[in-house]
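Here's the letter readout for the chains.
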Amino acid sequence: MKYWRGYLVAALAAAGSWGLQVFAESHSVLVDMVYPYVTRMIQTFLADWSGTVSFCVWQVLLMVLVVLALASIVLMILFKWNPIQWFGWVLACACLIGLLNTGMYGLNVYAGDLAQDIRLADTEYKYTVSELEEAAKFYRDKANELADQIKRDAGGDARFPTFEELAQQAGEGFRVLTYDQFYSVFAGSDVPVKKLGMSSYFSSQGITGMTVALTGEAAVNPQIPVASMPFTMCHEMAHRMCIATESDANLAAFLACRANPSVEYQYSAYYMAAIMPLPVWARRKRRP
């Protein structure tokens, strides 16, 4: 029986994660009333803690876990541990981490749409082809208008502030949304995002940024195109504010960039809106 204890712990943790998701899916109204506010406070606390260092804490912890896993393999060979028992406990650790992530962040995907939280009218609006064309032209023209205000070098390439300067500015748009426009859904942590370590690897995988709830860290790949950098920073910050779905995080990033006093952020908002799938943006164009 002792050989299967790890598998039992893993099964219980996996069942716990599944049970929480089933409950959240069937009680989405209750989840939306309480869960995002609690998890937003947790993320704010963790962001303040992990924000005391410039590197991604979760990447360091991941490396430590990998080293411990390799060390345990060596010990298993030296002391002739049972490999089935060893794997059971490795699986148990992974499932417990998954359960923790589900409990403290993952159920946000079952909360209400961001459009409802910010009181957008006609959130189920059905649009026509002509309206899609109108929306495409609107975002294109707005991006072109703002592009003329962007500083450029002799070759015509955009000159944005450094990553660190942009990261410091990212929270300004969210503060406008929260305190000037009274959208409490954006009252989460505005701690600056971090540079994603091992950026070349993430670039090869097409990953522009990551938010890890277990450490409250929002990180952005510094190798992405500069025009999309402000938008991506706000996108990852929106995830840290417990806006979990990609479409809602995109909407939040657009609104935050548009509200930001920095012309680089405003340009990034309309530039990304112009090149992203239109149905999302066309629906959001109509304001109450």
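Let me sum up the structure you'll find in this document. (Residues numbered from 1 in each chain as written. Predicted model: local features only at pLDDT ≥ 70, side-chain atom pairs only at ≥ 80, totals over all residues. Heavy atoms only, no water.)

Concerning helix α3 (residues 57-78)
In this model α3 runs 32 Å from its N-terminal to its C-terminal C-alpha over 22 residues, within 8% of the 32 Å that 1.5 Å per residue would give. Of all the positions in α3, only V57, W58, Q59, S72 and M76 are classed as buried. Looking at the buried residues of α3, the elements they touch are α2 (28-50), α4 (83-104), β1 (194-195), α8 (199-204), β2 (209-212) and β3 (217-220). Looking one or two places after α3, you find K80, whose phi comes out positive at around 55°. (Helix = DSSP H or I, 4+ residues; strand = E, 2+ residues; numbered from the N terminus. Expected span 1.5 Å × (residues − 1). Buried < 20%, exposed > 50% of the residue type's maximum accessible area, 1.4 Å probe, protein only. Contact = heavy atoms within 4.5 Å.)

A closer look at the environment of G112
By the secondary structure assignment, G112 is in the loop between α4 and α5 (114-117). For the pair formed by G112 and V29, sequence separation is 83 residues and the distance between their alpha carbons is 7.4 Å. Residue contacts for G112: discarding those within four places in its chain leaves D32, D117 and D248.

Things to note about empty space enclosed by the protein
Tallied over the full model, the rule gives one cavity of 30 Å³ or more. Computed from the structure, the largest cavity encloses a volume of approximately 40 Å³. Taken together, A47, S50, G51, V191, P192, K194, G216, E217, A218 and R240 form the lining of the largest cavity. Of all elements in the fold, only α2 and β3 reach the threshold of two or more residues within the lining of the largest cavity. Counted by class, the lining of the largest cavity contains four nonpolar, three polar and three charged residues. (1 Å grid on protein atoms, 1.4 Å probe; cavity = no way out; pocket = protein on both sides within 12 Å on 5 of 7 lines; lining within 4 Å. Points joined across faces, edges and corners; volume = space filled by probe spheres on them. Nonpolar A, V, L, I, M, F, W, Y, C, P; charged D, E, K, R; others polar.)

Examining the packing of aromatic side chains
According to the stated counting rule, one finds 12 aromatic pairs in the structure shown. For the pair W4 and Y7, a centre-to-centre distance of 5.4 Å together with 45° between the ring planes defines the contact as tilted. Overall, the relative accessible area of 47% leaves W4 in the partly exposed class. Through successive ring pairs, a cluster of aromatic residues spans F138, Y139, F254 and Y270. The residue whose ring lies beneath K142 is Y270, and the NZ or CZ to ring-centre distance is 5.9 Å. (Phe/Tyr/Trp six-rings, centres within 6.5 Å; stacked < 30°, edge-to-face > 60°. Lys NZ or Arg CZ within 6 Å of the ring centre and 35° of its normal.)

Considering the pairing of β2
Two faces belong to every sheet, and in a regular strand the side chains alternate between them. Bridge count for β2 against β3 is four bridges, and the pairing is antiparallel. What sits directly across from V212, in β3, is E217. Adjacent in sequence and paired antiparallel, β2 and β3 are bridged by four residues, among which G216 carries a positive phi angle near 65°. (Pairing = 2+ DSSP bridges.)

A closer look at a nonpolar patch on the surface
There is a patch of nonpolar side chains on the surface, built from F23, V29, L30, M33, V34, V38, M41 and I42 and spanning about 750 Å² of accessible area. With respect to the helices, strands and loops of the structure, V29 is situated in helix α2. (Patch = residues over 30% accessible without salt bridge, like charges linked within 9 Å, V, L, I, M, F, W, Y side chains within 5 Å. Areas by Shrake-Rupley, 256 points an atom, 1.4 Å probe, with all protein chains shown as cover. Salt bridge = Lys/Arg side-chain N within 4 Å of Asp/Glu carboxyl O.)

Re the sheet that holds β3
With mixed pairing, the three strands of this open sheet are ordered in space as β1-β3-β2. Two strands close off the open sheet at either side, each with one partner strand: β1 and β2. On the sheet, helix α9 (residues 229-240) packs against β2 and β3 and is oriented at approximately 160° with respect to β3. (Axes fitted to C-alpha atoms, helices over the stretch in contact; angles between N-to-C directions.)

Some thoughts on unusual backbone geometry
A negative phi angle is the norm for most residues apart from glycine, just as the trans form is the norm for most peptide bonds. Non-glycine residue K80 carries a positive phi angle of around 55°. By secondary structure assignment, the location of K80 is in the loop between α3 and α4. The exposure class assigned to K80 is exposed, which follows from its relative accessible area of 75%. Residue C242 is not a glycine yet carries a positive backbone phi of 70°. Take C242: it is sitting in the loop between α9 and α10 (246-259). Here C242 falls in the buried class, since its relative accessible area comes to 6%.

Describing the layout of surface pockets
When its volume is computed, the largest pocket comes out at roughly 310 Å³. Together, 22 residues line the largest pocket, and D32, R40, G112, D117 and V185 are the ones closest to its centre. It is α2 that contributes the most residues to the lining of the largest pocket, four residues altogether. The residue makeup of the lining of the largest pocket, split by class, is 12 nonpolar, four polar and six charged.

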